[in-house]
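A look at the structure
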Amino acid sequence: MKTVIESGLVSRRHRQHGVGLVEIMVSLAIGLVIIAALVALFLGTSRNNREMATANSMIENGRFAIQLLQDDVVHAGFWGPFVPEFDDQTGSTTAAPADVPAALPDPCANFGSWNATYRNNILGLPIVAYGSASVCSAIVDDVVTGTDVLVVRHLDTCVAGETGCDPAADDKVYMQAGQCDTEIGMYVLEKWDASSPPGAFNLTARDCTTPAALRKFVSHIYYVRDYAVTAGDGVPTLVRSEFDVSSGAPTHLAAQPLVEGIDGFRVEFGIDDVSSTDDPVDYTAPIVWDDPETKTAATNRGDGIPDGQYIHCGTCTAAQLMNATSVKIHVLARSREPTTGYVDNKVYTLGSGTPLTAFGDGFKRHVYSTTIRLPNIAGRRERP
């Protein structure tokens, strides 16, 4: 009997299934902890990825803006073989130069009003910055407060009509510089008319027979607008207005967006206003040589090297900017999206100008700067 009973008990014990309420609660708690950890890990990873993406976009925008500006600014003052008389230090003339820039030219002046003085001014002042939007009001609008407006002028590096370069087009402005002995120092800066070439473009190359090279005139206006595409969208954007043709007339076109997320833009100039002999420069007078025999140093002309501190030009004069031989550009880029819980209380210093006060929002920002030598201007003033 005992054996049967014991066997029955064993059999019943083996037939028991399921778990108790305590075990269920413990299992649920463990599962919830694991799920919570996975959710936290997922959220943290997503947040980190988002922050990395916004940081990368800020870095990319800042570097791209700097590179784009640098690639254009470095060509400022490139006029092909033409050298303004006031900047010619070859010693070929002993007279006072007649083309010293007299004033800052309006970059948006109607082409029909371009007289000889205006042309001298734009060739002698290939790079100009304005500390406010008080220029080209029809084009430069909605400028972000505290940012600069930069004008860069030069010729296209492509010769019109050569392999890989566009041919001359109607109503676009081109420049031709004479290289024949009797044409040195002469130039033509006019719009092209395909119906009657060469028209005004009658200067020649060194052989005094072949037409001189024709290059398109380039003028760009850069500034930071307080919107990207639609007014009021709140995305500060670096924009550019190009000099081209509209309704059959050469003019600056409406600005087009280049780089979004640019909160600050400031330009400084290195001014070469002291000669290699430590004398002040004076381009309104004939060249004075330290040694008239060797002509190795001009006492009243620049040497291509900036003197003193870089200056921020809110109201720079023509006399200063004609001696600009290098440029510092500062750009303040911001992240694409605000960061939750972050408040930007930093004060940003862009060169020697007034620092930008704290923005107080959730965007992260970084300052990018570069110094650009102007080889087409500085190179003319250097002496071996």
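Everything quoted here is computed from the prediction, not taken from an experiment. Positions within a chain are numbered from 1, following the residues in the order the chain's sequence is written. Confidence filtering applies because this is a predicted model: local features only for residues at pLDDT of at least 70, side-chain atom pairs given and counted only at 80 or more, and all residues used for totals across whole chains, interfaces and linings. As a rule here, side-chain values cover all heavy atoms of the structure and leave hydrogens and water aside.

**Structural notes on the overall build of the chain**
By definition, any uninterrupted DSSP run of H or I lasting at least four residues is a helix, any uninterrupted run of E lasting at least two residues is a strand, and each is numbered from the N terminus. Helices and strands together make up the secondary structure of the chain, namely 5 helices and 12 strands. All radius of gyration figures rest on C-alpha atoms, and the globule criterion is 2.2 Å times the number of residues raised to 0.38. Taken over C-alpha atoms, the radius of gyration comes to 33 Å for the chain, far larger than the 21 Å a tight globule of 384 residues would show. Principal axes of the C-alpha set define a box for the chain whose edges measure 140 × 55 × 40 Å. Relative accessibility decides the category of a residue: with a 1.4 Å probe and only protein chains considered, values under 20% of the type maximum give buried, values over 50% give exposed, and everything between is partly exposed. In the chain, buried positions account for 42% of the 384 residues. For this analysis, residues touch if any pair of their heavy atoms sits within 4.5 Å. Counted over contacts in the chain with a minimum sequence separation of 6, partners at least 24 positions apart contribute 66%. Under the convention used here, a 1.4 Å probe and the Shrake-Rupley method define accessible areas, while residue burial counts only the protein chains that appear. Within the structure as shown, the chain displays about 19700 Å² of accessible surface, and the carbon and sulfur contribution to it stands at 56%. Note that His is not counted, nor are the chain ends; the positive residues are Lys and Arg, and the negative ones are Asp and Glu. Just so you know, the charge point we use is NZ for Lys, CZ for Arg, CG for Asp and CD for Glu. On the chain, the mean spot of the 29 positive side-chain charges and the mean spot of the 45 negative ones are 16 Å from each other.

**Here we look at the nonpolar core**
Membership of the largest hydrophobic core comes to 52 residues, with the highest contact counts inside it found for V73, I127, L150, F265, F269 and I329. At 6 residues, the largest contribution of residues to this core is made by helix 2 (residues 21-73). Discounting chain neighbours no more than four positions away, the residues touching V73 are I127, L150, V152, V327, I329, I372 and L374. Here, the term nonpolar core denotes a set of buried Ala, Val, Leu, Ile, Met, Phe, Trp, Tyr and Cys residues that are joined through side-chain atoms within 4.5 Å.

**Notes on the state of the cysteines**
Disulfide assignment relies on a single distance test, namely cysteine sulfur atoms paired within 2.5 Å. Scanning the entire structure with this criterion turns up 4 disulfides. Here C158 engages in a disulfide with C165; their sulfurs sit 2.1 Å apart. Looking along the S-S bond of the C158-C165 disulfide, the torsion reads about -70°, which is the left-handed sense. Using a relative accessible area of 28% as the deciding quantity, one classes C158 as partly exposed. A sulfur-sulfur distance of 2.0 Å marks the disulfide that ties C180 to C208. The chirality of the disulfide connecting C180 with C208 is right-handed, given an S-S dihedral of about 90°. Taken together, the positions of C180 in the loop between strand 3 (173-177) and strand 4 (187-191) and C208 in the loop between strand 4 and strand 5 (214-225) put the pair 28 residues apart, joining distant regions of the chain.

**As for the pattern of salt bridges**
Salt bridge, as applied in this entry: a Lys or Arg side-chain nitrogen positioned within 4 Å of an Asp or Glu carboxyl oxygen. Within this structure, the stated rule accounts for 11 salt bridges. Of the charged contacts, one joins D263 and R365 as a salt bridge, the two residues approaching to 2.7 Å between their closest N and O atoms. Of this pair, D263 sits in strand 9 (residues 262-271) while R365 sits in strand 12 (residues 365-373); the two residues are 102 residues apart in sequence, bridging distant segments of the chain. In this structure, R365 and D344 form a salt bridge, with 2.8 Å as the shortest nitrogen-oxygen distance. Separated by 21 residues along the polypeptide, R365 in strand 12 and D344 in the loop between strand 11 (324-334) and strand 12 bring together distant segments of the chain. Among the residues examined, D344 registers a relative accessible area of 0% and is labelled buried.

**As for the sheet that holds strand 12**
Two modes of strand pairing occur in sheets, parallel and antiparallel, and in both the strands are linked by backbone hydrogen bonds. Two strands pair if DSSP finds at least two bridges between them. The 4 strands lie next to each other as 10-9-11-12, forming an open sheet whose pairing is antiparallel. The open sheet has two edge strands, strand 10 (311-312) and strand 12, and neither has a second partner.

**A look at the packing of aromatic side chains**
Two rings from Phe, Tyr or Trp (for Trp, the six-membered ring) form a pair when their centres are within 6.5 Å of each other. A pair whose planes differ by under 30 degrees is stacked, one over 60 is edge-to-face, and the rest are tilted. Applying the stated criterion across every chain, the model contains 10 aromatic pairs. For the ring pair W114 and Y118, a centre distance of 5.1 Å and an interplane angle of 35° mean the geometry is tilted. Note on W114: relative accessible area 7%, which makes it buried. Note on Y348 and F359: the rings are 6.2 Å apart at their centroids and 55° apart in plane angle, and the pair reads as tilted.

**A look at helix 3 (residues 116-124)**
Here helix 3 has its buried residues at Y118, R119, N121, I122, L123 and G124. Residues of helix 3 that are buried make contact with strand 2 (149-159), strand 3, strand 4 and strand 5. Structurally, the start of helix 3 carries an N-cap: the backbone nitrogen of T117 is 3.3 Å from a side-chain oxygen of N115. We define a polar contact as two N or O atoms separated by no more than 3.5 Å, with the added condition that, inside protein, one atom must be a possible hydrogen donor and the other a possible acceptor, whereas residues neighbouring each other in sequence contribute only through side-chain atom pairs.

**Some remarks on the environment of I377**
Relative to the helices and strands, I377 is located in helix 5 (residues 375-381). The class of I377 is buried, set by a relative accessible area of 4%. C-alpha of I377 to C-alpha of D88: the two residues are 289 residues apart in sequence and 10 Å apart in space.

**Remarks on the pairing of strand 6 (residues 237-246)**
Of all 10 residues that make up strand 6, 7 are buried, and the element is covered over most of its length. Summarising the sheet, strand 5 and strand 6 pair through 6 bridges and their orientation is antiparallel. Counterpart to R225 in the pairing with strand 6 is T237. As paired elements, strand 6 and strand 8 (residues 256-260) share 4 bridges and run antiparallel to each other. Within strand 8, the residue paired with V239 across the bridge is P257. Pairing of strand 6 with strand 7 (residues 249-252), which is carried by 4 bridges, proceeds in the antiparallel orientation. Looking at strand 7, one finds that S246 is bridged to A249. From the end of strand 6 to the start of strand 7, which pair antiparallel, there are 2 residues, and S247 there has a positive phi angle of about 55°.

Everything listed here is a matter of coordinates, which is why it stays silent on function.
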